[in-house]
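The residues making up each chain are set out below.
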Amino acid sequence: MSLTLRIIPRLDIKGPNLVKGVHLEGLRVLGKPESFAKYYYEQGADELFYQDVVASLYGRNNLHSIISRTAKEVFIPLTVGGGIRNIEDISSILKAGADKVSINTSVIGNPEFISSASHTFGSSTIVVSIEAIKQPDGSYIAFTDNGRNSSGKEVISWAKEVEQLGAGEILLTFVDQEGSGKGFDLMLAKQICSAVKIPVIIHGGAGNKQHVLDLTKHLSLSGVAIASLFHYDCILHNRQLDDYEEEGNIDFLKSNRVLSSIESTSIKELKSFLIENNIACRINE
Amino acid sequence: MNKPYKIAVIDYRMSNMFSIKNALTVLGFDVEVTSDYSTIVSCDGAILPGVGSFPEAMKNIKELNLDYAIKDIISSGKPFVGICLGFQLLFDKSDEIEDTFGLGILPGEVKSFSELNDKIRVPHVGWNNIKKKQMTNIKNNFDPLMKLKDQEYFYFVHSFYVKPEDNKDIYTTTEHGGHNFCSSILKENIFACQFHPEKSGEKGIRILSEIFNR
């Protein structure tokens, strides 16, 4: 036996709230991130991923107090992304209780930041996030700011460069699929897994358990980051989870609707399904 | 049983001490994050945590004179735990970045995974299982993994692995990329592991409790 496939709930956070969008846009408020985190921990999540989705708007990551509260209850690794620009930003997020940081925008213009960050904190602390969007000519370009701005960098060559510079992991998001529930982009996933030796985590597109199996079956993938599938499951099982902060769009919550393309599933259900299909996963007792 | 009360988390200015401190606090211990000699040796047990590079860590340990504190608390017989880089530092030397001498408390060296073969994924990140070995050098019933079933999963994150000189010190092994490496050692009052018990869910937390609740 060796490494298991990591199942990583991804929590997009705006202010005090967990939000979820489609294609990283059109945010809906779902609840308190800490409550979702605790549920995912109990369900057997292998790691958690927090993204401050408005960090670039404010010019900094604002998750410190949420990180600290989470780290007191949840004893699995926590990766935090959004608005990280320099060594001090990383330092303060790690001090708050995170284990790794995820960087995108600031390394596009300044790839050397990957080297200095991995030299200071160890490469395994530095995750580089790549947001891929397919172009009309079939190529894939890396974007920043939740898929809003093109970096002009071709995804696979950027992934190789990122590895060369000392990144410890790559988180690849398919922006076109994100929140759609239409399944992953298997072609690009395959290309990136064979292009680099560092661990690759794929995010964006899971609509059901089968999608996750299709993605992981033939790839030496390190992890899958999942948002909607788990969030909807968490809401279904914890109706009265929180008193919601009246910030942002909560109409979605009041309406009790979920996207018809998303078949919510718990982490436990997903893992049992993968194990039945010979994918090694860790089961939480 | 008497509960030790105070655990020193040895601060050498590079690790994420927060998670180990949190875990120990949840378990009800009094935790002191410190680089002060007398504080460390007066505690009832100590942890050398670690994230970062080996040469940088040794430089800081020397500058802070922590090598004496570590050696003295170990020779006092109190429970001592090394985690991740804190496990690697106990050995003679490492070839991370440049050849660097370690604390030399245990015989052996630290090697790079990427030199093993071209296909191995480095860093080794994620949940992997540990396989217990039959131990011969257990002293005073200090056997922190005693209650664990074989092949339990723990969280790892590292690019280098430890190669102990003395096979008797090897407590568990783990496989990565077709290679079996030493994932923890046990020697008298020293338990040190490559994985992160403080990041391995309830099972990991229980190991820490087992060690210090004696």
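The model shown is predicted, which means the values in this text are computed figures rather than measured ones. Throughout, a residue's number is its position along its own chain's written sequence, starting from 1. Chain A is the first chain written and ligand 1 is the first ligand written, with later ones labelled in order. Only residues with pLDDT of at least 70 are given local features in this predicted model, and only at 80 or more are side-chain atom pairs given and counted; all residues enter the totals for whole chains, interfaces and linings.

### Here's the deal with the overall build of chain A
Defined as follows: The helix count covers DSSP runs of H or I at least four residues long, the strand count covers runs of E at least two residues long, and both are numbered beginning at the N terminus. For the radius of gyration, the atoms used are the C-alpha atoms, and the globule rule reads 2.2 Å times the number of residues raised to 0.38. The burial label depends on the number of other C-beta atoms within 10 Å of a residue's C-beta. Counts of 20 or more mean buried, 12 or fewer mean exposed, and intermediate counts mean partly exposed, with C-beta atoms placed from the backbone. Throughout, a pair of residues is in contact if the C-beta atoms placed from their backbones lie within 7 Å.
The secondary structure content of chain A amounts to 12 helices and 12 strands. Taking 19 Å as the expected radius of gyration for a compact globule of 285 residues, we find that chain A reaches 17 Å, a close match to that expectation. If you line up chain A on its principal axes, its C-alpha atoms span 45 × 40 × 40 Å. Burial analysis of chain A (285 residues in total) assigns 54% to the buried set. Considering only residue pairs separated by 6 or more positions, chain A has 68% of its internal contacts joining residues 24 or more positions apart.

### Looking at the interface of chain B and chain A
You'll often see interface size given as the accessible area lost when the parts meet. The condition that has to hold: In the scheme used here, Gly and all other residues not listed as nonpolar or charged are polar, with Ala, Val, Leu, Ile, Met, Phe, Trp, Tyr, Cys and Pro taken as nonpolar and Asp, Glu, Lys and Arg as charged.
Of the residues lining the interface, 29 residues belong to chain B; the matching set on chain A comes to 28 residues. Among the elements of the structure, α1 (17-26), β8 (124-132), β9 (152-158), β11 (170-176) and α6 (201-212) of chain B are those that each provide at least two residues to the side of chain B that touches chain A. Of all the elements, β8 of chain B adds the most residues to the side of chain B that touches chain A, at 5 residues. A breakdown of the residues in the side of chain B that touches chain A according to their chemical character gives 11 nonpolar, 14 polar and 4 charged.

### A short note on the packing of helix α9 (residues 209-216) of chain A against helix α12 (residues 267-276) of chain A
All names here are of chain A. Formally: Between N-to-C directions, angles span 0 to 180 degrees; the directions come from axes that are lines fitted to C-alpha atoms, helices contributing only their stretch in contact. An angle below 35 degrees is treated as roughly parallel, one above 145 as roughly antiparallel, one from 65 to 115 as roughly perpendicular, and anything else as oblique. For a crossing to be left-handed, the near helix must be turned anticlockwise from the far one by less than a right angle; the clockwise case is right-handed.
Remark: α9 packs on α12, axes separated minimally by 10 Å, with the N-to-C direction vectors making an angle of 45°. It follows that α9 is oblique to α12 by the angle criterion. For the pair α9 and α12, the crossing hand works out as right-handed. Contacts from Lys209, Val212, Leu213 and Thr216 in α9 reach Leu270, Phe273 and Leu274 in α12. Split into classes, the residues belonging to the contact of α9 with α12 amount to 5 nonpolar, 1 polar and 1 charged.

### A few points about the pairing of strand β13 (residues 190-193) of chain B
Residue and element names in this part refer to chain B. Rules: In this analysis, strands are considered paired if DSSP registers two or more bridges between them.
Where strand β4 (residues 80-83) and β13 come together, 4 bridges link them in parallel fashion. If you follow Val81 over to β13, its bridge partner there is Phe191. Connecting strand β12 (residues 179-187) to the next strand, β13, in antiparallel fashion are 2 residues, including Glu188 with a positive phi near 50°.

### Things to note about the nonpolar core
The condition is simple: By convention in this section, buried Ala, Val, Leu, Ile, Met, Phe, Trp, Tyr and Cys residues joined through C-beta atoms within 7 Å make up a nonpolar core.
By size, the foremost hydrophobic cluster in this structure holds 152 residues, and its most contacted members are Leu48, Ile67, Val128, Ile170 and Val224 of chain A together with Ile10 and Ala46 of chain B. When neighbours within four sequence positions are excluded, Val224 of chain A is seen to be in contact with Leu5, Ile7, Ile8, Ile201, Ile202, Val212, Leu215 and Thr216 of chain A.

### Comments concerning α9 of chain A
Residue and element names in this part refer to chain A. How we decide: Directions pointing from the helix axis toward each C-beta atom define the arc.
Residues of α9 that are buried: His211, Val212, Leu215 and Thr216. Down the axis of α9, the smallest arc covering the buried residues is 120°, so these residues share one side. Contact partners of the buried residues in α9: α8 (186-195), β11 (200-203), β12 (223-226) and α12.

### Overview of the environment of Met187 of chain A
Residue and element names in this part refer to chain A. Mapped onto the fold, Met187 is located in helix α8. On the basis of neighbour count, Met187 is assigned to the exposed category, with 11 C-beta atoms found within 10 Å. Sequence separation between Met187 and Leu215 is 28 residues; the distance between their C-alpha atoms is 9.6 Å.

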